[in-house]
Protein chains: 2
Amino acid sequence: PYQRASHDFFIPDKLREELQRKAEASLQTLPNSTLPVTVDHFHSLVPLDTNNQRNTTTFGYVTWAYKATSGKDGKLYALRRLEGYRLTNEKAILAVRPWKRINNGSVVSIHEAFTTRDFGDSSLIFVTDYHPNSKTLTETHLHHNPNPRFQSRAQPQAVSEAVLWSYLVQTASALKAIHSSGLAAQVISPSKVLLTSKNRIRLNGCGIVDLVKCDALPPVEEQQQDDFLQLGRLVLCIASNANATLNMPKALDHLTRHYSPRLKDAVTWLLHPPNTPANPHPEKNIDIFLTGIASEVTTVLDNTFHAEDTLYSMLMGELENGRLVRLMAKLGLINERPEYEHNEQWSETGERYYLKLFRDYVFHAVDENGRPVVDLGHIITCLNKLDAGSAELINLVSRDEQTSLIISYKELKKGIETAFNELVRGAARRG
Amino acid sequence: PYQRASHDFFIPDKLREELQRKAEASLQTLPNSTLPVTVDHFHSLVPLDTNNQRNTTTFGYVTWAYKATSGKDGKLYALRRLEGYRLTNEKAILAVRPWKRINNGSVVSIHEAFTTRDFGDSSLIFVTDYHPNSKTLTETHLHHNPNPRFQSRAQPQAVSEAVLWSYLVQTASALKAIHSSGLAAQVISPSKVLLTSKNRIRLNGCGIVDLVKCDALPPVEEQQQDDFLQLGRLVLCIASNANATLNMPKALDHLTRHYSPRLKDAVTWLLHPPNTPANPHPEKNIDIFLTGIASEVTTVLDNTFHAEDTLYSMLMGELENGRLVRLMAKLGLINERPEYEHNEQWSETGERYYLKLFRDYVFHAVDENGRPVVDLGHIITCLNKLDAGSAELINLVSRDEQTSLIISYKELKKGIETAFNELVRGAARRG
Ligand SMILES: Nc1ncnc2c1ncn2[C@@H]1O[C@H](COP(=O)(O)OP(=O)(O)OP(=O)(O)O)[C@@H](O)[C@H]1O
Ligand SMILES: Nc1ncnc2c1ncn2[C@@H]1O[C@H](COP(=O)(O)OP(=O)(O)OP(=O)(O)O)[C@@H](O)[C@H]1O
Ligand SMILES: [Mg+2]
Ligand SMILES: [Mg+2]
């Protein structure tokens, strides 16, 4: 059972439903919005914020998040708007450049930044990848229901050791990419970490501080050391369900009692400066951290391989649908074409005739009482055999029961190709 | 460009084609085979061997590999047959038990072992997962063409540092699972490592020696130490394109000149016993090894995340096909049903009538010269709008051009649901 669970670590039980919800979130529009019609080359803005809190703690500005379509490539992006931001130093915008080169599976990819007056004020827009139907770690783990009537029910669930480790490993992988590019994440807080699918997280606050505070940043080495501290606090927050203010000793005590010594050691390493009694290690950098948690990195790697395998084999199954769509489209093109319907020669002879009977066999089956058989499984099976060109024989009967014909799927498949090619030739002849 | 390449590390450029080839390999049958019709509860055997060499070096027996279908669950499995094997110790077969619990993304999963007389001799059958269209590392990297005429052309390609590391990391992840279960891989040779998709490998020789030599095995600690040695030799073989006999000093020299010092250090660690001048480390175990290569494990992890993301978004795209198959099936069930065709009331009124006109609009479009428009894109676009229930209006015209009707996809979608539900009710009424 443990093995089984780890098998599905990154794949939700109802993957299809998750994919469907993501598709819906991507398609969702906001018809009568008061938002600007276009913001630079983006249009069709939809707010992503789930609350209206004018919170300035993270970036020093009130921020808003939107989904938007790029007029350049037609793709969806997430825009983060910093309300009231004024560019005082033209060089600030260049701070986004090195971030555009960070291509890591645990960091939300950053595309560009620009200032705009399209909102009626002066705003900074940060353009990143859009991950449909994501939640922040705050929303996922730390949402205490503000309504006291529901407070007792809203008892948040304890997070498992495996999930905490996977968050640690993913963030460490992100920090490796970031630090080795001479950058620092700077913002690693529960509201700036996105859960984009089951147990998969991505840092979502990177690059903004570099731009907004570009004149007043400490040396990058200091920022990187601060990343470790922030990561330690993140794990503590989530482990102890501490929302706003973290009571450090209490949280560490909780961690000690409910999780493994290895996890506690990792968090201790993160929280304390090197060369101190609490952390005697002479030096702190991301490679040392990764070395210390190599065993857990390997576990996450294997979970990811399993996820890859599951998605891979699902994709193999779905390819079948693509083939069936093309087949049904071809049958649809051939059967009951009006321009051939008045031509007895074409429609009632040769392959068109038995393809029509086959269509009735697949779609218009009736039971012994003449009532419709509505069975999508029957349709799919017939079409799959047709696609495979199976040697299996079927008995096709005309509607008036005067004609009956025994034919293989293989011959039917050939018949479709012939009739389809005839249509294509007919089409090519035009113009 | 480097980043880009790493993005697709585990995903082939032509993923669809790879999936198609795998589907074909899975479906492939051998109609007039001389193989037994059934082997225990397996049937439909197809040989997987690509040569007829009666090679006994790996297991002490001539072995054959087959794809076969299980009569129990209908799924495909790989069978490895050891020709002429006789079970002398009933307990030997129990050696397979702990292997059944190894569930690791870098080990071919083992299901069972049994002896059989179905081949006319006494054979041992080892049942494992089947990975369609796989190749061994020998076939992938070490295949020197035996025909001297082609030898010059068959100059094998040098394997990149990134690929070698990924093999090392994946095998190390496999050894972690194996060693921590008190087992040893025992066979880590190029012909017993399967490449199952782009850069993804799995150990394919595990568990067999445990069974065949169960009375004469060294202590498991010794076997595990031997695994490191074999892994070191594997990397050397592939790095230096050494096929059969490995000239160790020459291969190490090649590695030193063409690859990084880190890779050479890892291989040196693997090849030498602990506490020796060449390897001063006091101890050798898989955790120490993984700790030493933590940075490379993290790189492979990120490559795997990227692969997961690519497969995930492809799957989102393919889901569309599933929806279209169901839609077309419904349209097929409704349009031109014979039992309603003689009922003017049903077929020419209400939703059936405009669904018929819609069918003509989607499938039977003609150009201004009355020639068929054969455009799968048009069909897919129409069906997607129908599926989404778009507010867009279309103009449906009857075949005799006497009736014309402006209607939205939304209304058409409702019409399909109504007519389909009527059919389902009709079907339910039977019996
Ligand atoms: N790149 C993105 N793709 C998809 N959804 C996103 C993206 N970025 C943010 N979101 C969603 O938008 C919402 C707001 O994000 P935000 O980062 O502002 O969090 P917040 O809880 O509002 O924090 P804060 O109080 O700091 O603004 C969240 O629900 C989040 O899931
Ligand atoms: N589980 C499996 N799933 C799919 N194909 C497999 C599987 N196991 C082996 N094969 C394929 O079967 C063929 C034979 O495998 P085998 O392990 O016998 O290699 P070999 O080159 O014949 O080595 P040897 O000389 O040791 O027998 C290879 O092409 C391999 O790709
Ligand atoms: Mg916000
Ligand atoms: Mg063989």
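Note that the structure is a prediction, hence the values are computed from the model and not measured. (Residues numbered from 1 in each chain as written. Chains lettered and ligands numbered in written order. Predicted model: local features only at pLDDT ≥ 70, side-chain atom pairs only at ≥ 80, totals over all residues. Heavy atoms only, no water.)

Draft legend 1. Quick peek at the overall build of chain A. When helices and strands are tallied, chain A shows 17 helices and 11 strands. Taking 22 Å as the expected radius of gyration for a compact globule of 431 residues, we find that chain A reaches 30 Å, considerably beyond that expectation. Reported as C-alpha extents along the three principal axes, the dimensions of chain A are approximately 95 × 55 × 50 Å. Buried positions account for 51% of the 431 residues belonging to chain A. Within chain A, contacts between residues at least 6 apart in sequence are counted, and of these 63% link residues at least 24 apart. Positive and negative charge centroids in chain A, built from 48 and 49 side chains respectively, lie 4 Å apart. (Helix = DSSP H or I, 4+ residues; strand = E, 2+ residues; numbered from the N terminus. Rg over C-alpha atoms; globule rule 2.2 N^0.38 Å. Buried < 20%, exposed > 50% of the residue type's maximum accessible area, 1.4 Å probe, protein only. Contact = heavy atoms within 4.5 Å. Lys, Arg positive; Asp, Glu negative; His and termini not counted. Charge placed at Lys NZ, Arg CZ, Asp CG, Glu CD.)

Draft legend 2. Representation of the sheet that holds strand 7 (residues 135-136) of chain B. Residue and element names in this part refer to chain B. The sheet built from 3 strands is open, its strands ordered 7-8-9 with antiparallel pairing. A single partner strand is all that each edge strand has here, and the edge strands are strand 7 and strand 9 (200-203). Where strand 7 and strand 8 (residues 193-197) come together, 2 bridges link them in antiparallel fashion. Residue pairing in the sheet places Lys135 in a bridge with Leu195 of strand 8. Across the sheet, helix 6 (residues 161-179) touches strand 8 and strand 9, and the angle it forms with strand 9 is around 35 degrees. (Pairing = 2+ DSSP bridges. Axes fitted to C-alpha atoms, helices over the stretch in contact; angles between N-to-C directions.)

Draft legend 3. Broad picture of the interface of chain A and chain B. Taken together, the 85 residues of chain A in the interface contact 85 residues of chain B. Both faces considered, chain A and chain B share a buried interface measuring about 7700 Å² in area, 65% of it formed by carbon and sulfur atoms. Considering only the surface of chain A that becomes buried against chain B, A:Asn103, A:Tyr312 and A:Leu315 emerge as the three largest contributors, covering 9% of it. Between chain A and chain B we count 6 salt bridges in total. In this structure, the salt-bridge partner of B:Arg202 is A:Asp309, at a minimum N-O distance of 3.0 Å. Counting every contact that joins chain A to chain B gives 20 residue pairs in polar contact (both at pLDDT 80 or more). Element by element, the count of residues in the side of chain A that touches chain B is highest for helix 12 (residues 294-334) of chain A, at 31 residues. Its residues assigned to classes, the side of chain A that touches chain B comprises 37 nonpolar, 24 polar and 24 charged. (Buried area = accessible area lost by both parts, 1.4 Å probe. Salt bridge = Lys/Arg side-chain N within 4 Å of Asp/Glu carboxyl O. Polar contact = N/O pair within 3.5 Å; in protein donor to acceptor, adjacent residues only side chain to side chain. Nonpolar A, V, L, I, M, F, W, Y, C, P; charged D, E, K, R; others polar.)

Draft legend 4. Representation of the packing of aromatic side chains. Residues and elements named next belong to chain B. Evaluated as defined, the whole model comprises 20 aromatic pairs over all chains. Ring geometry for Phe42 versus Tyr77: centroids 5.9 Å apart, planes at 80 degrees, classification edge-to-face. One end of the pair, Phe42, is in strand 2 (residues 42-47); the other, Tyr77, is in strand 4 (residues 76-82), and 35 residues separate them in sequence. For the residue pair Phe42 and Tyr77, the accessibility class agrees, reading buried in each case. (Phe/Tyr/Trp six-rings, centres within 6.5 Å; stacked < 30°, edge-to-face > 60°.)

Draft legend 5. Representation of the relation of the copies chain A and chain B in the model. The operation relating chain A to chain B is a screw motion whose rotation component is 180 degrees, with 0.1 Å of axial translation and a residual RMSD of 0.3 Å. Considering both components of the superposition, the chain copies are consistent with a two-fold axis. Of the residues that chain A buries at the interface, 100% are likewise interface residues in chain B, meaning the two copies contact each other through the same surface. (Least-squares fit on C-alpha atoms with pLDDT ≥ 70 in both.)

Draft legend 6. The site of ligand 1, seen in detail. All names here are of chain A. Taken together, 20 residues are adjacent to ligand 1, and Asn55, Arg80, Asp129, Glu139 and Lys192 come closest. Contact between ligand 1 and His131: a nitrogen atom at 3.0 Å from a main-chain N or O atom of the residue. In the model, an oxygen atom of ligand 1 is placed 2.8 Å from a nitrogen or oxygen of the Glu139 side chain. Broken down by secondary-structure element, the contributors of at least two residues to the shell around ligand 1 are strand 3 (63-70), strand 4 (76-82), strand 6 (123-129) and strand 7 (135-136). Residue classes in the shell around ligand 1 are distributed as 5 nonpolar, 9 polar and 6 charged. (Near = heavy atom within 4 Å.)

Draft legend 7. Quick look at the site of ligand 2. Residues and elements named next belong to chain B. Surveying the vicinity of ligand 2 reveals 20 residues, the closest of which are Asn55, Arg80, Asp129, Glu139 and Lys192. Between an oxygen atom of ligand 2 and a side-chain N or O atom of Arg80, the distance comes to 2.8 Å. One of the side-chain nitrogen or oxygen atoms of Lys192 is found 2.7 Å away from an oxygen atom of ligand 2. Protein coverage of the free-state accessible area of ligand 2, which is 610 Å², stands at 92%. Counting only elements with at least two residues in the shell around ligand 2, the list comes to strand 3 (63-70), strand 4, strand 6 (123-129) and strand 7. Considered class by class, the residues forming the shell around ligand 2 number 5 nonpolar, 9 polar and 6 charged. (Areas by Shrake-Rupley, 256 points an atom, 1.4 Å probe, with all protein chains shown as cover.)

Draft legend 8. Structural detail: the packing of helix 9 (residues 248-258) of chain A against helix 10 (residues 261-271) of chain A. All names here are of chain A. Relative to each other, helix 9 and helix 10 sit at 155 degrees, their axes nearing to 9 Å. Comparing their axes, helix 10 and helix 9 come out roughly antiparallel. The handedness of the crossing between helix 9 and helix 10 is left-handed. Counted together, Met248, Leu252, Leu255 and Thr256 of helix 9 and Leu263, Lys264, Val267 and Leu271 of helix 10 form the full contact between these two elements. (Parallel < 35°, antiparallel > 145°, perpendicular 65-115°, else oblique. Left-handed = near helix turned anticlockwise from the far one by under 90°.)

Draft legend 9. The arrangement of the sheet that holds strand 5 (residues 110-116) of chain A in detail. Residue and element names in this part refer to chain A. Taken in spatial order, the 6 strands line up as 1-2-3-4-6-5 in an open sheet, and their pairing is antiparallel. Every other strand in the sheet has two partners, leaving strand 1 (38-39) and strand 5 as the edge strands with one partner each. Strand direction decides the pairing type here: strand 4 and strand 6, joined by 6 bridges, are antiparallel. Counted as the bridge partner of Tyr77 is Asp129 from strand 6.

Draft legend 10. How the structure looks around the pairing of strand 4 of chain B. Residues and elements named next belong to chain B. Burial analysis of strand 4 places 6 of its 7 residues in the buried class, which makes it a mostly covered element. Of the strand pairs in this sheet, strand 3 and strand 4 are connected by 7 bridges, and their pairing is antiparallel. Bridge assignment links Tyr66 to a residue of strand 4, and that residue is Leu79. Counting the residues in the hairpin turn of strand 3 and strand 4 gives 5 residues, including Gly74, whose phi is positive at 75 degrees.

Draft legend 11. Representation of helix 2 (residues 15-27) of chain B. An ideal rise of 1.5 Å per residue puts 18 Å on 13 residues; helix 2 of chain B measures up with 18 Å between its terminal C-alpha atoms. Along helix 2 of chain B, the positions that sit buried rather than exposed are B:Leu15, B:Glu18, B:Leu19, B:Lys22, B:Ala23, B:Ala25 and B:Ser26. Seen from one end, helix 2 of chain B has its buried residues packed into an arc of 160 degrees, which puts them on one side. Looking at the buried residues of helix 2 of chain B, the elements they touch are helix 12 of chain A together with strand 3, strand 4, strand 8 and helix 12 (294-334) of chain B. (Expected span 1.5 Å × (residues − 1). Arc of directions from axis to C-beta.)

Draft legend 12. Up close: unusual backbone geometry. Residue and element names in this part refer to chain A. Residues other than glycine seldom take positive phi values, yet Gln186 does so here, at roughly 70 degrees. Secondary-structure assignment places Gln186 in the loop between helix 6 (161-179) and strand 8 (193-197). By relative accessible area, which is 15% here, Gln186 ends up buried. The phi angle at Asn199 is positive, at roughly 60 degrees, despite the residue not being glycine. Considering the arrangement of structural elements, one finds Asn199 in the loop between strand 8 and strand 9 (200-203). On the basis of relative accessibility, which here comes to 12%, the residue Asn199 falls in the buried class.

Draft legend 13. Representation of the environment of B:Phe42 within the structure. Given a relative accessible area of 2%, B:Phe42 falls into the buried group. Dropping the residues within four chain positions of it, B:Phe42 is found in contact with B:Val37, B:Ala68, B:Thr69, B:Ser70, B:Tyr77, B:Leu79, B:Glu112, B:Phe114 and B:Val127.

Draft legend 14. Looking closely at the pattern of salt bridges. Counting across every chain of the model gives 22 salt bridges over all chains. Salt-bridge contacts for A:Arg200 lead to B:Asp309; the nearest nitrogen and oxygen are separated by 3.0 Å. Within this pair, whereas A:Arg200 is found in strand 9, its partner B:Asp309 is found in helix 12, the two belonging to separate chains. Residue classification places A:Arg200 among the buried residues on the basis of a relative accessible area of 1%. The partner of B:Arg257 in a salt bridge is B:Asp253, with the nearest N and O atoms 3.0 Å apart.

Draft legend 15. Structural detail: the confidence of the model for chain A. Residues and elements named next belong to chain A. Chain-level pLDDT for chain A is 88 on average; 91% of the residues reach the 70-or-more range. Contacts of residues 1-6 to residues separated by more than four positions or lying in other chains number 3 contacts, the stretch itself having pLDDT below 50. In this model residues 150-154 is a low-confidence stretch, pLDDT under 50, and it forms 3 contacts with partners more than four residues away in sequence or in other chains. (pLDDT = per-residue confidence, 0-100.)

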